[in-house]
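Close look at the chain arrangement
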Amino acid sequence: MRAIALHEDVIVVESALWRTTCTILRSGDEGFVIDSPVLPEELEILPAVLEQSGFRLSGLLATHADWDHLLARLAFPGAALGVAETTAARLRAEPGAAQRELREFDERFYISRPAPLSLGSVEALAVPGYCGLGENELELHPTGGHTVDGMAVWAPWLSLLVCGDYLSPVEIPTPAAGIDLYLDTLTRLEPLVAEASHVVPGHGGVIEREKARKVLYEDRAYLEDLRRDGEGASLPAGRRDSEQRRRHAENVAGRPGR
Ligand SMILES: [Zn+2]
């Protein structure tokens, strides 16, 4: 796991697995943890990462309901979890799905965890909307296309965008909820990216504005290609390894993965 201090009030943790990101944000004496690393050792040291930086935890946020982004409750079992209304609806519609998928993953890789995942009290947040953090306010913007649910978190005072599973420099788009919805989300993210100093995608670590803009254009081109040419769509440069080609084949088959 890597942890980088992007700012005195921002730490981004990157899981050794899938380069899944977890963003720790502070304003005044409040702190939020957005999404989560995946491996048990990484979750175990997360409270110490906050403590060493003098961050006090006030709550957890998750960008969407895919299980690999929901694990922060394993590190902070007492904390409340805030999600978009769309994500709360998905969690209600698929009770136990995240826990089941986590269990299947753990069984596959012989991973044991000290406790099972419980999501506790899930607070549904209005999106688009605002969410107070200390002396500041986060803007919540709807995302959809990768999954049916989700939100991007924009911290205007930091020019920081935490966007969930979009704009990844390491993964091609997986439009499980539809290419049109995904393209709409890219259009909504574009003005935020234009103002951002940094973007934290769900996988692949922190990127700067110019890189995020490049990924956005490449993802749009890929999705338009995918719709027109299917299998013949060309994958973005730097995202053509065997795993991304496998994900592309799933997209073509109409079964995009996680
Ligand atoms: Zn993900």
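Residues numbered from 1 in each chain as written. Predicted model: local features only at pLDDT ≥ 70, side-chain atom pairs only at ≥ 80, totals over all residues. Heavy atoms only, no water.

Examining the coordination of the zinc ion
- The zinc ion binds to the protein through His 69 (NE2), Asp 165 (OD) and His 203 (NE2), with metal-donor distances spanning 2.0 to 2.2 Å.
- Motif for the zinc ion, donor spacing along one chain: H-x95-D-x37-H. Residue His 69 is located in the loop between strand E5 (59-61) and helix H2 (72-75), and its partner Asp 165 is located in the loop between strand E11 (160-164) and helix H5 (179-195); the two are separated by 96 residues in the primary sequence.
- On the basis of relative accessibility, which here comes to 1%, the residue His 69 falls in the buried class.
- Accessibility expressed as a relative area gives 9% for Asp 165, which makes it buried. (Donors = N, O, S within 2.8 Å, 3.2 Å for Na, K, Ca; no water. Helix = DSSP H or I, 4+ residues; strand = E, 2+ residues; numbered from the N terminus. Buried < 20%, exposed > 50% of the residue type's maximum accessible area, 1.4 Å probe, protein only.)

Quick notes on the state of the cysteines
- In the structure shown here, the tally under the stated rule is zero disulfides.
- Left unpaired, Cys 131 is separated from the closest cysteine sulfur, that of Cys 22, by 16 Å. (Disulfide = S-S within 2.5 Å.)

Topic: helix H6 (residues 209-229)
- When the terminal C-alpha atoms of H6 are compared, their 30 Å separation across 21 residues agrees well with the 30 Å that a helix rising 1.5 Å per residue should span.
- Those residues of H6 lying buried are Ala 212, Val 215, Leu 216, Glu 218, Asp 219, Arg 220, Tyr 222, Leu 223, Asp 225 and Leu 226.
- Residues of H6 that are buried in the fold lie against H5, strand E12 (198-201), strand E13 (207-208) and helix H7 (242-252).
- Positive backbone phi, approximately 55°, marks Gly 230, located one or two places after H6. (Expected span 1.5 Å × (residues − 1). Contact = heavy atoms within 4.5 Å.)

As for the packing of aromatic side chains
- If you walk through the whole model with that rule in mind, you get five aromatic pairs.
- Three or more aromatic residues joined by ring pairs form one cluster here, namely Trp 18, Trp 67, Phe 105 and Phe 109. (Phe/Tyr/Trp six-rings, centres within 6.5 Å; stacked < 30°, edge-to-face > 60°.)

Here's the deal with the side chain of Ser 168
- As for its placement among the helices and strands, Ser 168 is situated in the loop between E11 and H5.
- The class of Ser 168 is buried, set by a relative accessible area of 5%.
- Within the structure, the side chain of Ser 168 is placed 3.1 Å from the backbone nitrogen of Val 170, a separation counted as a polar contact.
- In this structure the side chain of Ser 168 is engaged in a polar contact, spanning 3.0 Å, whose partner is the backbone nitrogen of Glu 171.
- In contact with Ser 168, not counting residues within four places along its chain, are Pro 201, His 203, Val 215, Asp 219 and Arg 239. (Polar contact = N/O pair within 3.5 Å; in protein donor to acceptor, adjacent residues only side chain to side chain.)

Some details on the sheet that holds E13
- An order of E8-E9-E10-E11-E12-E13 is seen for the six strands of this open sheet, with the pairing classed as mixed. Edge positions in the open sheet fall to strand E8 (129-133) and E13, since each of these has one partner strand only.
- Here E8 runs beside strand E9 (residues 136-142); their pairing, made up of five bridges, is antiparallel. Bridge pairing in E9 links Cys 131 to Leu 138.
- The strands that H5 touches are E9, strand E10 (151-155), E11 and E12; relative to E11, the one it contacts most, it runs at about 155°. (Pairing = 2+ DSSP bridges. Axes fitted to C-alpha atoms, helices over the stretch in contact; angles between N-to-C directions.)

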